[in-house]
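# Fold and geometry: a report
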Amino acid sequence: MEEILYAFQEALLSTDIIKARQILSKTTNWITFEQLIETVIVSALENIGKGWERGEYALSQVYMSGRICEELVETLFPPESRQRKPAPKMAIALLNDYHALGKRVVYSALHASGFDVLDYGRVTTEDLVQKITNDGIEVILLSVLMFPSALHVKDVRDMLAQQGSNVKIVVGGAPFRLDRQLWRQVGADAVGYTASDAINIIQAISAGAA
Ligand code: B12
């Protein structure tokens, strides 16, 4: 797996989408979609991000790596389960942030697992609260990758509370992985660190266990 990760990372850094695609396609018959996302794509992007922090790579390399992964991930999603699962009405959104890949992965994993989820795309706090109210959303999944965006979850919680709403907020993204208490501090009901976590949390909420 180490070798695959290294080769994939090198392909991303050289903006070689053809090679990156070839490397991933060789893995799809022996590892699952979730493993591919977590152990190859997320790890490669994290390593590249760390290299950028150390001054080894240019921001353009981080940017292009993210774009290439977005494009490749589109072709990798497992076929959707035809059977829809009973669940509270839910939506997913990217809150005040531009890192779109994590939300895309979580949305597709949930959808492929049989859950109907509205995709609100990138939203501001006010837009989000309005959409939640208008659509009668019961569970909102929020993806944020930057610390200031994570703090906006608290604003969402406060605005919803002012309206007497008890919508469940599930959060995920880098700031919550880096600070394991942050989700509680911003008033979320649950946190997930991977797309599989999102599925488990939604299953638990649907079963009335969370
Ligand atoms: C690629 C990348 C970019 C790309 C984004 C491309 C794109 N279209 O998405 C580009 C180059 C544009 C970019 C720009 C910036 N970035 Co950037 N970026 C990254 C990087 C390296 C990887 C992010 C990524 O796509 N990962 C792959 C996806 C699949 O993983 P993920 O999003 O984490 O999602 C997974 C889980 O978190 C989880 N998950 C995600 N959402 C949710 C939601 C729920 C409900 C659940 C349950 C789970 C869940 O499931 C997903 C699948 O496993 C991260 C490093 C990191 N450690 O995350 C920095 C990082 C997020 N970036 C950072 C920064 C600072 C920036 C910039 C401000 C840099 C700058 N100075 O200009 C800009 C801001 C852009 C903007 N205006 O918002 C910082 C944020 C630091 C912070 N604490 O605030 C990070 C953490 C890097 C760092 N360590 O400094 N970035």
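Here the focus is the domain arrangement of the protein. Along its sequence, the protein is carved into domain 1 (2-76) and domain 2 (90-206). One C-alpha centre belongs to domain 1, the other to domain 2; they are set 25 Å apart. Opposite the eleven residues of domain 1 that make contact, domain 2 presents eight residues. Of the roughly 770 Å² buried between domain 1 and domain 2, counting both surfaces, carbon and sulfur atoms make up 63%. Of all residues in domain 1, Glu34, Glu38 and Glu74 give up the largest surface area on contact with domain 2, accounting jointly for 42% of the area buried on that side. The tally of links between domain 1 and domain 2 comes to one salt bridge. Between Arg177 and Glu46 there is a salt bridge, with the nearest N and O atoms lying 2.3 Å from each other. At the junction of domain 1 with domain 2, the criterion picks out one residue pair in polar contact (both at pLDDT 80 or more). Put simply, the parts of the chain that give the side of domain 1 that touches domain 2 at least two residues each are helix H3 (33-53) and helix H4 (59-76). Top contributing element to the side of domain 1 that touches domain 2 by residue count: H3, with six residues. The residue makeup of the side of domain 1 that touches domain 2, split by class, is five nonpolar, one polar and five charged.

Analysis parameters
- Residues numbered from 1 in each chain as written.
- Predicted model: local features only at pLDDT ≥ 70, side-chain atom pairs only at ≥ 80, totals over all residues.
- Heavy atoms only, no water.
- Domains from an automatic or database assignment.
- Contact = heavy atoms within 4.5 Å.
- Buried area = accessible area lost by both parts, 1.4 Å probe.
- Salt bridge = Lys/Arg side-chain N within 4 Å of Asp/Glu carboxyl O.
- Polar contact = N/O pair within 3.5 Å; in protein donor to acceptor, adjacent residues only side chain to side chain.
- Helix = DSSP H or I, 4+ residues; strand = E, 2+ residues; numbered from the N terminus.
- Nonpolar A, V, L, I, M, F, W, Y, C, P; charged D, E, K, R; others polar.

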